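A closer look at the structure
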Number of protein chains: 4
Amino acid sequence: MNLNARQADLAELYSAMGQANIQALWTQAADLMPAQPVPRAVPWLWRWDTVLALAAAAGREVPVGRGGERRALALANPGLGGLPFATPTLWGAMQYLNARESAPAHRHTAAAIRFVLQGRGVWTTVNGEPCPMSRGDLVLTPSLAWHEHHSGTDEPMVWFDGLDLPLVNGLDAGFFEPAGEDYLDTAGGPVTSRSASLYAHPGLLPAVTPATDRHSPLMVYRWEHTERALTEVAAATGSGDAELRFVDPVHGGDALPTMRCAMRQIEAGCRTPTTRTVGSSIILVFSGRGQTVIDGQPFRWGPGDTLAVPSWCAVDHEPAQTARLFVLSDAPVIEGLRLDRTEVLAQQQKVRAAAK
Amino acid sequence: MNLNARQADLAELYSAMGQANIQALWTQAADLMPAQPVPRAVPWLWRWDTVLALAAAAGREVPVGRGGERRALALANPGLGGLPFATPTLWGAMQYLNARESAPAHRHTAAAIRFVLQGRGVWTTVNGEPCPMSRGDLVLTPSLAWHEHHSGTDEPMVWFDGLDLPLVNGLDAGFFEPAGEDYLDTAGGPVTSRSASLYAHPGLLPAVTPATDRHSPLMVYRWEHTERALTEVAAATGSGDAELRFVDPVHGGDALPTMRCAMRQIEAGCRTPTTRTVGSSIILVFSGRGQTVIDGQPFRWGPGDTLAVPSWCAVDHEPAQTARLFVLSDAPVIEGLRLDRTEVLAQQQKVRAAAK
Amino acid sequence: MNLNARQADLAELYSAMGQANIQALWTQAADLMPAQPVPRAVPWLWRWDTVLALAAAAGREVPVGRGGERRALALANPGLGGLPFATPTLWGAMQYLNARESAPAHRHTAAAIRFVLQGRGVWTTVNGEPCPMSRGDLVLTPSLAWHEHHSGTDEPMVWFDGLDLPLVNGLDAGFFEPAGEDYLDTAGGPVTSRSASLYAHPGLLPAVTPATDRHSPLMVYRWEHTERALTEVAAATGSGDAELRFVDPVHGGDALPTMRCAMRQIEAGCRTPTTRTVGSSIILVFSGRGQTVIDGQPFRWGPGDTLAVPSWCAVDHEPAQTARLFVLSDAPVIEGLRLDRTEVLAQQQKVRAAAK
Amino acid sequence: MNLNARQADLAELYSAMGQANIQALWTQAADLMPAQPVPRAVPWLWRWDTVLALAAAAGREVPVGRGGERRALALANPGLGGLPFATPTLWGAMQYLNARESAPAHRHTAAAIRFVLQGRGVWTTVNGEPCPMSRGDLVLTPSLAWHEHHSGTDEPMVWFDGLDLPLVNGLDAGFFEPAGEDYLDTAGGPVTSRSASLYAHPGLLPAVTPATDRHSPLMVYRWEHTERALTEVAAATGSGDAELRFVDPVHGGDALPTMRCAMRQIEAGCRTPTTRTVGSSIILVFSGRGQTVIDGQPFRWGPGDTLAVPSWCAVDHEPAQTARLFVLSDAPVIEGLRLDRTEVLAQQQKVRAAAK
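In short, a report on the structure. (Residues numbered from 1 in each chain as written. Chains lettered and ligands numbered in written order. Predicted model: local features only at pLDDT ≥ 70, side-chain atom pairs only at ≥ 80, totals over all residues. Heavy atoms only, no water.)

1. Side note on the interface of chain A and chain B
Chain A puts 83 residues into the contact, and the matching count from chain B is 83 residues. Together chain A and chain B conceal approximately 6900 Å² of surface at their shared face, both sides included; 66% is due to carbon and sulfur atoms. In terms of surface lost to chain B, no three residues of chain A exceed Trp26(A), Met33(A) and Phe175(A), which account for 11% of the buried area on that side. With its nearest N and O atoms 2.8 Å apart, the salt bridge here joins Arg214(A) to Asp340(B). Taken together, the connections running from chain A to chain B amount to 24 residue pairs in polar contact (both at pLDDT 80 or more). Among the elements that line the side of chain A that touches chain B, the one with the most residues is helix α1 (residues 3-19) of chain A, at seven residues. Its residues placed into classes, the side of chain A that touches chain B shows 54 nonpolar, 17 polar and 12 charged. (Contact = heavy atoms within 4.5 Å. Buried area = accessible area lost by both parts, 1.4 Å probe. Salt bridge = Lys/Arg side-chain N within 4 Å of Asp/Glu carboxyl O. Polar contact = N/O pair within 3.5 Å; in protein donor to acceptor, adjacent residues only side chain to side chain. Helix = DSSP H or I, 4+ residues; strand = E, 2+ residues; numbered from the N terminus. Nonpolar A, V, L, I, M, F, W, Y, C, P; charged D, E, K, R; others polar.)

2. Overview of the packing of helix α3 (residues 48-61) of chain C against helix α1 (residues 3-19) of chain D
How two helices pack is summed up by the angle between their axes together with the distance between the axes. Look at α3(C) against α1(D): their axes get within 11 Å of each other, and the N-to-C directions meet at 160°. Taken together, the axis directions place α3(C) and α1(D) in an arrangement best described as roughly antiparallel. Pair α3(C) / α1(D) crosses with left-handed handedness. Counting all contacts with α3(C), which are made through Leu54(C), Ala57(C), Ala58(C) and Glu61(C), the residues of α1(D) involved are Arg6(D), Asp9(D), Leu10(D), Leu13(D), Ala16(D) and Met17(D). Residue classes in the contact of α3(C) with α1(D) are distributed as seven nonpolar, no polar and three charged. (Axes fitted to C-alpha atoms, helices over the stretch in contact; angles between N-to-C directions. Parallel < 35°, antiparallel > 145°, perpendicular 65-115°, else oblique. Left-handed = near helix turned anticlockwise from the far one by under 90°.)

3. Quick notes on the relation of the copies chain C and chain D
For the pair of chain copies, the relating transformation is a rotation about an axis with a translation along it. Of the transformation placing chain C onto chain D, the axial shift is 0.0 Å and the rotation is 180°, giving an RMSD of 0.0 Å. Here the symmetry operator amounts to a two-fold rotation axis. The position closest to the rotation axis in chain C is occupied by the C-alpha of Gly336(C), lying 3.5 Å away. Interface overlap between copies: 100% of the residues of chain C at the interface are likewise at the interface in chain D, consistent with a symmetric, same-surface contact. (Least-squares fit on C-alpha atoms with pLDDT ≥ 70 in both.)

4. Let's talk about helix α3 (residues 48-61) of chain A
Spanning 14 residues, α3(A) covers 20 Å between terminal C-alpha atoms, matching the ideal 20 Å at 1.5 Å per step. Those residues of α3(A) lying buried are Trp48(A), Val51(A), Leu54(A), Ala55(A), Ala56(A), Ala57(A), Ala58(A), Gly59(A) and Glu61(A). Tucked inside the fold, the buried residues of α3(A) contact β2 (44-46), β3 (72-75), β4 (91-97) and β11 (157-163) of chain A together with α1 (3-19) and β1 (22-24) of chain B. (Expected span 1.5 Å × (residues − 1). Buried < 20%, exposed > 50% of the residue type's maximum accessible area, 1.4 Å probe, protein only.)

5. As for the pattern of salt bridges
Residues and elements named next belong to chain D. Under the criterion given, the structure shown has 60 salt bridges over all chains. A salt bridge links Glu101 to Arg71; its shortest N-O distance comes to 2.6 Å. Taken together, the residues span a long stretch of sequence, with Glu101 in the loop between β4 (91-97) and β5 (102-108) and Arg71 in the loop between α3 (48-61) and β3 (72-75) at a distance of 30 residues. You'll find Glu101 and Arg71 in the same group, each marked buried.

6. With respect to the state of the cysteines
Under the counting rule described, the total for this entry stands at zero disulfides over all chains. Considering cysteine sulfurs only, Cys261(C) is the nearest to Cys131(C), which forms no disulfide, with 14 Å between them. (Disulfide = S-S within 2.5 Å.)

7. What to know about the sheet that holds strand β11 (residues 157-163) of chain C
Strand order in the open sheet formed by seven strands is β14(C)-β9(C)-β6(C)-β11(C)-β4(C)-β3(C)-β1(D), with antiparallel pairing between adjacent strands. Pairing within the sheet leaves two strands with one partner each, and these edge strands are β14 (220-221) of chain C together with β1 (22-24) of chain D. (Pairing = 2+ DSSP bridges.)

8. Things to note about the sheet that holds strand β12 (residues 176-178) of chain C
All names here are of chain C. Reading across from one edge, β8-β7-β10-β5-β12 is the order of the five strands in this open sheet, with antiparallel pairing throughout. The open sheet has two edge strands, β8 (129-133) and β12, and neither has a second partner. Strand-to-strand twist of the sheet, defined as the mean angle between neighbouring strand axes without regard to direction, takes the value 25°. Inspection of the sheet shows strand β5 (residues 102-108) paired to strand β10 (residues 147-151) by three bridges, in the antiparallel sense. If you follow His106 over to β10, its bridge partner there is His147.

9. Examining the packing of aromatic side chains
Each aromatic ring pair is summarised here by two numbers: the centre-to-centre distance and the angle between the ring planes. Under the counting rule described, the total for this entry stands at 28 aromatic pairs over all chains. When the centroid spacing of 6.2 Å and the interplanar angle of 55° are considered together, the rings of Phe246(A) and Phe326(A) count as tilted. Here Phe246(A) is found in strand β15 (residues 241-246), whereas its partner Phe326(A) is found in strand β23 (residues 323-329), with 80 residues between them in sequence. Accessibility assignment for this pair places Phe246(A) and Phe326(A) in one class, buried. Put simply, the rings of Phe115(A), Tyr221(A), Trp223(A), Phe246(A), Phe286(A) and Phe326(A) pair up and form one aromatic cluster. Its end group placed over the ring of Phe175(B), Arg341(A) keeps NZ or CZ at 3.7 Å from the ring centre. (Phe/Tyr/Trp six-rings, centres within 6.5 Å; stacked < 30°, edge-to-face > 60°. Lys NZ or Arg CZ within 6 Å of the ring centre and 35° of its normal.)

Read these as geometric descriptors, not functional statements.
Laid out in structure tokens, this is it:
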């Protein structure tokens, strides 16, 4: 058979395959199985000022209520083809609540966390438990937990929402349910959080703990504890790069099965080793200023800025002022599926600003 | 502000948001969080005759070797927009090897299983261990295990390949590596499988077992064991619907962290309860004939036919001849992430063919 | 054969068996396998005044140093035939340290806990980490951890020591090693405890935790946390009987694999349900006064008194003043071996003091 | 104070302590905490001929029935002060059943295993499931499983019983219950074992498995599987010392939470490394002849002989004929409590019989 004939035969074969909903591996093997991950998501930074201004504008223009459910502004990674996702597994958004506003109760399979960048006087009710939200607090709304948000202040408030929505949707696993007429809310506001009363004690647990291992029973992690822990761990380890994880106090692992919440304190003048890791993350600058280099591309940041870090990108951080970074990642998914891999590319020199 | 002005303001807001790579949740909440899963994948059946004919044609037209790597014909779910995936998490393909052919050694993050529908005389070498492949055998090539395929017969052979490739790619977690010049293959063919010698004994394990819990250390599950187990379990339980799982004999869970392999034997005349489950699967008809109804749509099947079952579709099976079905699913992923949910919609009447 | 002959034959058989180091089960089956546990240990109470006076006398008469190792007065259960053990699995003792005294460093397989009933100014160094000991503090010295005790005050001090020594010895598993010449002690005294800096934060863990799961990495549990937890848990549950466990913050289970440490707060006027449980415990009255009934025998107690509760004894507590009880038990052993069983014999009436 | 006066004071103190049920640690520290384990149990060997003759005599002299329960001849370690225990944690006995005899149904907390040295035609019914007992079979009667023994042959039969009775009694955890009038036995004899039908398939489990993790669901491990596994593992590893463990096929760990069952095949001419391990064991010679040295003391053995190995004794085996040894140990207890320690004292030369 000559070449043309063979080409024609092949074309006929591929056409027949296409009609049968069959595709050849051999023509696309390199694309399907690249030597290393080729994320469509790109490294990106959203500026706090920009996002806040848009959120405030939305606060003026858009009501909150059933149907829209939340006044949340999603960080849409430009590499993801128009999807409102920060990375292939993580949704990140700023949610804006006007003074005395409430967002209606609902529940969904996608798990969420709320991390508060500034303000106070708002609370999220999780399965009937009001959880106070002030700067630095982390609130969980685990999979299928009923939840709503209430403002008890005269100021608007904004916080960060992180969800595993892209993952849950990609697995076709998502359910959603608005609260019905008979849903009782404790709109009176939080005095104390019941789950914190039970579970926020170091090395101490009630004799009877929840049977479920689907998520942490602790719904709110208060900033006073996180800040003290950061300070003490940094001092005890003598490290300029201290990292804490928010965990399930009953089982010891990540607070949620699909997302890792961590807080990292990096001292001014410390440049972290260039590292790449399988799995993606969103980094929220809680305080401090500095620069992060992702796959060679520098991003300068300050408080409230948000970074998307795709899988297997080489990353290092170099704060100019001591920085506290809240990091949300899909690490529990990657590790649970035994897909974890990390590579340290370069140990950076620890450079402290020299005195003149 | 009148309505038009407000619309204009909103349009301006959304435009500004778009420029900032920000999207509103409230305009797409219902799409992002539907009441229940809305899979893009559709229920589908690929006919054995069709696939086999195409595979044989490919056997004549397409060589196997480095680059294309494998003569694998992927089952492409028509709902997935042209992707060569059977479901959002599972790759399914028929691989065709001509007499005395070999497919070159490589390894990749995506885990694979091979299930043999017919024939004998081929083996897959997994990390240097030759694993025989005859009708009914299941061979694992876990994540990052080196593997290649060899034919030692004068007949072409075809088998089913299942991979977690869509999942691994969706998580940007995939690495691929072809074997180098120095890769030594045991092309002499299998006499016995070392991992079966160590791990294929009921209730018995070597005193020293592998440290890893990343996958089963047993690389091949022979049909003689599977068939005996099916027969004995069906007899012991008296059930017309017996299901076996292929497990890691050291840790007791699924053989692979990302895919469940199961074998199901359903008696003629037994109609299984209509059930829907979060997570997707590929069903391969090993023997028997019958009908499966998926979300109301009937599919008639016989040996070698392959079905794709998207998440949360209502499914029942009704064999006309006692059927043995090999089922590959993403259940370990769904369960590990605590996203599992199952609903039995209808207990079918158990109808046995009435004697005239 | 007549009866006498048969008796003679049997006697001969038993004699031959005895010579061969063989014993008949059938002659002692009822003793070996009673219908329910028949502990040799008896319920017992040691009075604080008595123990303290003896400890103080020992403080005057007996030096502390290598060989004797510790000035510890063991609570010897009268049922255990002269053994210095409170129960078949637990050693309980009061340890007395004079002003400015030190007890020498050693380590042993038996794990120990120290619970402080009164005083301050002493510390225990655990693997080089000084752990402060004030009223209500719990200090762990896990299996094979180096440890010594130092007084930095001008007053004598006494605390409770609990060890799994009877268990470890019964299993022939015990090793002991005195510290050598080169052992470096941090006799300068505790400023802060390193393990508490790392691990005593609610729901927060360092990103890098110890690889071992042999015991909690947290060596000291401070009373301020325990007291707050008791108060908050009691308030949140509305229960007159709140129980806390001291846990390993990394793995979530008991702080030690062989002993459970718990703190129980029972309100005045609350009589707990009469309950029996497989496994034994030592109860130390931290504060309050009341009565405990063990297998029908009443024991009146006040601060510092210690109770031994053998396995399967029916127990209820009835404080006259709100009581805080430190409870050390072998529950992790019993549960780990799947021997746990609990029976509630009677729900007591909750009687609050009636107004005049 | 002069010396005599001081001695008198001390004597008075110790007397007062004794009256208060208090004991000094410092006078007995070395005994309570020796440098390494000092077992009271001694290395011992019981000869098969001796035990069998006594068992047969008991078969003639002693009936089996309610009260005595079993015609079991316990191996009583001479070091244990007259207790009928082989080691501090393990009961070992030979049980003798005359032709057509039955031993009555009961259950107890202590778990048991039966290992058959010779014969066939007897079965043990475990929770209603008849388990055949032929040479080499292992039958479990887990904690609180109802069980009785039946002979369906015209020959007497004898087998080895191993129980965790000393451990369970030492923990005051034992319950015993004879079967009542309404207990239904399946005295018809075993055709097949239901648990083997469900669980004795290599790498295969039913989709629905028992909820309990208290013990293996598989009640009988047949010799044909054990023998094949021994042969294949020895061949695959090329080791002259192959060891298999009997495991729970659902959870992967030891078949029972308190006892490890293992089978070891040591080739003639192979001398095993001298090793000592925390924990005790009973070794039963299934086949072969050879010598074991325990703490320097040689024991020559042949089929049916039984050895007691106390904790931390140095042990090596040197078969003259290839030996198969059934080993029962308390390793799961020691490991579960994190008390495990092993030391290899000497790598023996592997000496194979030289050809003349």
